[in-house]
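# Descriptive analysis of the structure
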Amino acid sequence: MLRFRVPDPGHRLAGVRLAQDVRRMEYLLELRHADGSRELVTDHANPLRVQGAFGEKSVLEFAGYRPPCWLSEPSEPGVTRPLDVPVRAHGAAISMLVWAPAGVDDSEQLPLLLVHDGPEYDSLANLGKYLSAGVTGGWLPRMRAALLSPGPRDRWYSANSRYSRALRTVVIPALAELVSTSSRIAMGASLGALAMLHAHCRYPDTFDALFLQSGSFFVPAVDGHERQFPYFQRVTAFVADVSAGSLPAELQRLGYPAELHEVPDVHNYTAWRDAFDPYLTRLLQRMYP
């Protein structure tokens, strides 16, 4: 429970209202028992629940919050199939689900959206529903999506040069053998966003556009609370290089336009879902009018 107090010793106030920009809040209650133990539980007095990366939470939806309209729009379900790409350098396979609209032949040349934490984006942020609704409604181009499973995400997604090389030299060629692709768009959130930017900086021909949400672009001055993350120094070194302008010459020459958009929510899949439209929609429409 959060409790705010406003001192009013002169009894001059008639009331106080909390004014804040977040339109929804996910939370748990911490119970402290008589024996000193603590327990995190959902709020039994609040029936609203949401699934997240770390389990179920209670959620409050404040006045003015509206879920995306596309959640209720008609859509033709797409076709999803699994693909495992062995990577010798990792001693493991990078697994993914490849999504396409129904009836699309593998030889049809279409844009490809590559998504880090893809299965989680699908189950927790309804990415498949968004793509299906957009393609069905005609406000998104016909396209495919490769929903990449995270594997050991802390190690792979933390500005890891081996992972970036595997993505560019192993995973993308394997996808090119499976389906015909006209262009590639990268998508990711948190560490997944960082890893997409890292791959694109190391291999500028990897993607034609990036859609990065809540990227874990750690800076020591403001992200000291992340120092326990085992790859903190590797991440901050890469971010410092990017901030200093040490991008590959090809990226600098192309002069990629960049836009920053803020949404009134926090670091969770519902916030990222709510930003698909209009921001991802605009990017895809701009690339494929």
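Basis of the calculations
- Residues numbered from 1 in each chain as written.
- Predicted model: local features only at pLDDT ≥ 70, side-chain atom pairs only at ≥ 80, totals over all residues.
- Heavy atoms only, no water.
- Helix = DSSP H or I, 4+ residues; strand = E, 2+ residues; numbered from the N terminus.
- Buried < 20%, exposed > 50% of the residue type's maximum accessible area, 1.4 Å probe, protein only.
- Contact = heavy atoms within 4.5 Å.
- Areas by Shrake-Rupley, 256 points an atom, 1.4 Å probe, with all protein chains shown as cover.
- Lys, Arg positive; Asp, Glu negative; His and termini not counted.
- Charge placed at Lys NZ, Arg CZ, Asp CG, Glu CD.
- Salt bridge = Lys/Arg side-chain N within 4 Å of Asp/Glu carboxyl O.
- Axes fitted to C-alpha atoms, helices over the stretch in contact; angles between N-to-C directions.
- Parallel < 35°, antiparallel > 145°, perpendicular 65-115°, else oblique.
- Nonpolar A, V, L, I, M, F, W, Y, C, P; charged D, E, K, R; others polar.
- Expected span 1.5 Å × (residues − 1).
- Phe/Tyr/Trp six-rings, centres within 6.5 Å; stacked < 30°, edge-to-face > 60°.
- Lys NZ or Arg CZ within 6 Å of the ring centre and 35° of its normal.
- Pairing = 2+ DSSP bridges.
- Core = buried A, V, L, I, M, F, W, Y, C linked by side-chain atoms within 4.5 Å.

## A closer look at the overall build of the chain
- The helix and strand tally for the chain stands at nine helices and eleven strands.
- Along the longest, intermediate and shortest principal axes, the C-alpha atoms of the chain span 75 × 45 × 40 Å.
- Going through the 289 residues of the chain one by one, you find that 40% of them count as buried.
- Within the chain, residue pairs in contact and separated by at least 24 positions form 69% of the contacts whose partners lie at least 6 positions apart.
- If you sum the accessible surface of the chain, you get close to 16300 Å²; carbon and sulfur atoms cover 53% of it.
- Once the 29 positive and 31 negative side-chain charges of the chain are each reduced to a mean point, those two points are 4 Å apart.

## Some remarks on the pattern of salt bridges
- In this structure the tally under the stated criterion is ten salt bridges.
- In this structure, Arg24 engages Glu26 in a salt bridge whose closest nitrogen and oxygen atoms are separated by 3.0 Å. Both residues of the pair, Arg24 and Glu26, count as buried.
- Across the pair Asp205 and Arg168 runs a salt bridge, and its minimum N-O distance is 2.9 Å.

## With respect to the packing of helix H4 (residues 161-178) against helix H5 (residues 191-202)
- With their axes 9 Å apart at the nearest point, H4 and H5 run at an angle of 70° to one another. The orientation of H4 relative to H5 falls into the category roughly perpendicular. Mapping the contact onto sequence places Ser161, Ser164, Arg165 and Leu167 in H4 and Ala195, Met196, His198, Ala199 and Arg202 in H5.
- Looking at the contact of H4 with H5 residue by residue, the class counts come to four nonpolar, three polar and two charged.

## A short note on unusual backbone geometry
- Cis geometry marks the peptide bond from Asp277 to Pro278, where omega comes out at 25°.
- Its location among the elements puts Pro278 in helix H9 (residues 276-287).
- The backbone of His11 sits at a positive phi, close to 55°, despite the residue not being glycine.
- The topology assignment puts His11 in the segment before strand S1 (24-27).
- Given the relative accessible area of 70%, His11 is considered exposed.

## Focus on H5
- Between its terminal C-alpha atoms H5 stretches 16 Å, which fits the 16 Å expected from twelve residues at 1.5 Å a residue.
- Summarising burial for H5: eleven of the twelve residues are buried, a large majority.
- Of all the positions in H5, only Leu191, Gly192, Ala193, Leu194, Ala195, Met196, Leu197, His198, Ala199, His200 and Cys201 are classed as buried.

## What about the side chain of His90?
- Looking at the secondary structure, you find His90 in the loop between strand S6 (79-87) and strand S7 (92-100).
- Apart from residues no more than four positions distant in its own chain, His90 is found in contact with Trp156, Arg162, Tyr163 and Ala166.

## Concerning the packing of aromatic side chains
- The full count for this structure, using the stated rule, is 13 aromatic pairs.
- Between Tyr121 and Tyr269, the aromatic rings sit 5.6 Å apart at their centres with planes inclined by 85°, giving edge-to-face as the arrangement. One end of the pair, Tyr121, is in helix H1 (residues 118-125); the other, Tyr269, is in helix H8 (residues 269-274), and 148 residues separate them in sequence. Here the two residues Tyr121 and Tyr269 agree in accessibility, since each one is buried.
- In textbook terms, an aromatic cluster arises when at least three aromatic residues are bridged by ring pairs, as seen for Trp70, Tyr121, Tyr130, Trp139, Tyr269, Trp272 and Phe276.
- One Lys or Arg, Arg24, reaches over the ring of Tyr65 and ends 6.0 Å from the middle of that ring.

## So, the pairing of strand S4 (residues 49-52)
- Bridge count between S4 and strand S5 (residues 55-61): four bridges; the pairing is antiparallel. Paired with Gly52 across the bridge in S5 is Gly55.
- A loop of two residues connects S4 with S5, the two strands running antiparallel in sequence.

## Let's talk about the sheet that holds S5
- Within the open sheet, the three strands sit side by side as S1-S5-S4. Their pairing is antiparallel. The outermost strands of the open sheet, each flanked by one partner alone, are S1 and S4. Sheet twist, expressed as the mean angle between neighbouring strand axes with direction ignored, is 40°.
- Where S1 lies against S5, four bridges are found, and the strand directions are antiparallel. Within S5, the residue paired with Glu26 across the bridge is Val59.

## Concerning the nonpolar core
- With 35 residues, the main nonpolar core has Ile94, Met96, Leu114, Leu148, Leu167, Leu175 and Phe207 as its most contacted residues.
- Top contributing element to this core by residue count: H5, with seven residues.
- In contact with Leu167, other than residues within four places in its own chain, are His116, Leu148, Ile172, Met196, Ala199 and Phe207.
- Core analysis: the next-biggest nonpolar cluster, separate from the first, contains 28 residues, Leu113, Tyr130, Leu140 and Tyr288 among them.

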